[in-house]
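What the coordinates show
Single-letter residue listing:
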Amino acid sequence: MHAMSGTRFKTPPARTFRVPSRAKRGGVTPPGHVVGLPPFHRDIGQLDRAVNDLRRRAPDFSAASPLLLWQQLVLLVAVSGLTAGLILLDDFGLVLWSLTIAVPFLMISVLRLAALWRAMRGPRETVDPRWLDRRYDNRLPTFSVLVPLYREVAVVPALVTAMGRLDYPSDRLEILFITEADDAVTQRALLQAGLGANMRVVTVPQGQPKTKPRALNYALQEARGSLVAVFDAEDRPDPDQLRLAALAFVRGGPRLACVQARLVVFNPDDSFLSRQFTLEYAALFGGLLPALDYLRLPIPLGGTSNHFRRDVLLKCGGWDPFNVTEDADLGIRLSRLGYEVSIIDSETMEEATVTWRAWLGQRTRWIKGWIQTYLVHMRRPIRLWRDLGPWRFFGFQVTISAMLISMLAHPWFYVLVGTEIVLRGRPLPDNELLFWIFGANLIAGYGSAALLILVTSVSAGGWGRVFSVAFLPIYWLAISLAAYRAILDLIMRPFFWEKTTHGVGVRRNSSQVGARRQPRALRQRG
């Protein structure tokens, strides 16, 4: 990668893209249409690689591979044991059950406190504004931006405008809008949106699984940049985000494979769910992920605003088309293969789901993918330990396993409290050990979450929504419902991608979305 010293780059100019001919500018490339190769054969080979490359090269890393026998046995024993503990409902069963779920709750609480400490620290380093000096544009690396969209006609005009606002030399930037073969409506909307000379549409042929990672793998073979970014259809990234990502790769060295920008909700007040979603994102991207970065723990990526080194992405097998949260899986895989993932101080405005149906479908898919990710990487725990090392192996258990167990166990706390009230007339057990287990989990869980949300929300200017923290128990119960639904979905249709419809929420007008604050490189981080 390129390095900077003083006001000059030490490396020769990066190569530029050749602008397509007028006939191809802004047009939809027919599936498989590549000069010099028969379209049909090119089509089949490219699609086959997009679907099967990872599971052929490394089947243990693919969610398409079945569970190993030992995993099936452990899951059966765990479910049977916890169910028996609940059915018995004597002191021994309750103690056993409570201790089993207390550890994951405690681990998550400790992680939140670490994130709180990180969020409350002083301002971090500033970015050298010379990086934005246009005199050095010819030294920037080439960038390919991948934007998968399926049945997203409503957001196409704003999407094209947002991508057009990216502040990066046009001869070093290409933007690929990725559509499916059966989505002619979105393709027409893109054609009518006035695509720029460095924008084009890649159409993915029909096939299974019809997932976002399959589309990304297909388009990655068309991408020509040395760096690759992924955005969602409703995203509005900071205009200077690509420049800051390029700078991060310069500073990070060859082992830095990916950087993640922060996601910020632009429709927080549309509904109860969008407000809770906003608080959740503030805690995640303003506290938890920076803490994981600081502690050098594996970072499960968010599904958008990821920036990769293209050569590393290809070496690692790209995205798993059978994992419905391909982002989290890829973040863990990069860590296992010896690469680093980091966070950059840039924001992407994103739409929160507003309706219950949309929220439940999206959250079910996310949790189903996290379960897939955990099962995939725990196929061979000893190998995972060797790949990550003890510290990062422990971090993986906290960020994935403990989180999932907490989601599943949380509603049973209320069941046990209700049982105690009905049978004994008090909310907590008379057993002293159980009393302290329940009380500690209650205080640590809700207290650490509320504090982290308050600090990160206030830092992001969300004073007006901090009172929504009081409804956190209700939101957590909704997440638990989505977790149990995810388990059923994983059993019934493991690779099904539950589509989230965008453009439903009340949007800011274009001037508000586009009127960004001063470039982040000119002010302090944090």
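Everything in this summary refers to the structure shown in the same document. (Residues numbered from 1 in each chain as written. Predicted model: local features only at pLDDT ≥ 70, side-chain atom pairs only at ≥ 80, totals over all residues. Heavy atoms only, no water.)

1. A look at the pairing of strand β11 (residues 340-350)
- Of all eleven residues that make up β11, ten are buried, and the element is covered over most of its length.
- Of the strand pairs in this sheet, strand β8 (residues 236-237) and β11 are connected by two bridges, and their pairing is antiparallel. Bridging across to β11, Pro237 finds its partner in Thr348.
- As paired elements, strand β9 (residues 256-265) and β11 share eight bridges and run parallel to each other. When the sheet's bridge partners are listed, Arg262 is paired in β11 with Glu347. (Buried < 20%, exposed > 50% of the residue type's maximum accessible area, 1.4 Å probe, protein only. Helix = DSSP H or I, 4+ residues; strand = E, 2+ residues; numbered from the N terminus. Pairing = 2+ DSSP bridges.)

2. Quick word on the packing of aromatic side chains
- Applying the stated criterion across every chain, the model contains 15 aromatic pairs.
- Relative to Trp366, the ring of Phe277 lies with its centre 6.0 Å away and its plane at 50°, an arrangement referred to as tilted. Remark: Trp366 occurs in helix α11 (residues 356-377) and Phe277 occurs in helix α8 (residues 272-294); sequence separation between them is 89 residues. Residue Phe277 shares its accessibility class with Trp366, and that shared class is buried.
- Put simply, the rings of Phe277, Tyr281, Phe285 and Trp366 touch in pairs and so form one group of aromatic residues. (Phe/Tyr/Trp six-rings, centres within 6.5 Å; stacked < 30°, edge-to-face > 60°.)

3. Here's the deal with the packing of helix α10 (residues 326-336) against α11
- The N-to-C vectors of α10 and α11 enclose an angle of 25°; their axes lie 9 Å apart at closest approach. Between α10 and α11, the angle falls in the class roughly parallel. Note that α10 runs across α11; the crossing there is right-handed. Contact with α10, carried on its side by Ala328, Asp329, Ile332, Arg333 and Arg336, involves Trp370, Thr373, Val376 and His377 of α11 and no other residues of that element.
- Partitioned by chemical class, the residues of the contact of α10 with α11 number four nonpolar, two polar and three charged. (Axes fitted to C-alpha atoms, helices over the stretch in contact; angles between N-to-C directions. Parallel < 35°, antiparallel > 145°, perpendicular 65-115°, else oblique. Left-handed = near helix turned anticlockwise from the far one by under 90°. Contact = heavy atoms within 4.5 Å. Nonpolar A, V, L, I, M, F, W, Y, C, P; charged D, E, K, R; others polar.)

4. Considering the packing of α8 against helix α14 (residues 472-492)
- At their nearest, the axes of α8 and α14 sit 11 Å apart, and the two run at 95° to each other. As judged from the angle between their axes, α8 and α14 are roughly perpendicular. Residues Phe272, Leu273, Gln276, Phe277 and Glu280 of α8 form the contact with α14, whose participating residues are Leu472, Ile474, Tyr475 and Ile479.
- For the contact of α8 with α14, the residue count by class is seven nonpolar, one polar and one charged.

5. Section: the pairing of strand β5 (residues 173-180)
- Of all eight residues in β5, eight are buried, a share of seventy percent or more.
- In β5, alternate side chains face the same way, and those of Leu173, Ile175, Phe177 and Thr179 on one face and Glu174, Leu176, Ile178 and Glu180 on the other are all buried.
- With six bridges joining them, strand β4 (residues 143-148) and β5 adopt parallel strand pairing. Within β5, the position partnered with Leu146 by the bridge is Leu176.

6. Observations concerning the side chain of Arg309
- By secondary structure assignment, the location of Arg309 is in strand β10 (residues 306-309).
- Here Arg309 is buried and forms no salt bridge, its nearest opposite-charge partner Asp311 lying at an N-O distance of 5.7 Å. (Lys, Arg positive; Asp, Glu negative; His and termini not counted. Salt bridge = Lys/Arg side-chain N within 4 Å of Asp/Glu carboxyl O.)

7. A word on the environment of Ala483
- When you line up the elements, Ala483 lands in helix α14.
- Taking the C-alpha atoms as reference, Ala483 lies 7.8 Å from Leu404; in sequence the two are 79 residues apart.
- Those residues in contact with Ala483, other than ones at most four positions away along the chain, are Ile367, Met407 and Leu408.

8. With respect to α10
- A large share of α10 lies buried, amounting to eleven of its eleven residues.
- Residues of α10 that are buried include every one of Glu326, Asp327, Ala328, Asp329, Leu330, Gly331, Ile332, Arg333, Leu334, Ser335 and Arg336, and no others.
- Looking at the residues trailing α10, positive phi occurs at Gly338, about 95°.

These values are about where atoms sit, not about what they do.
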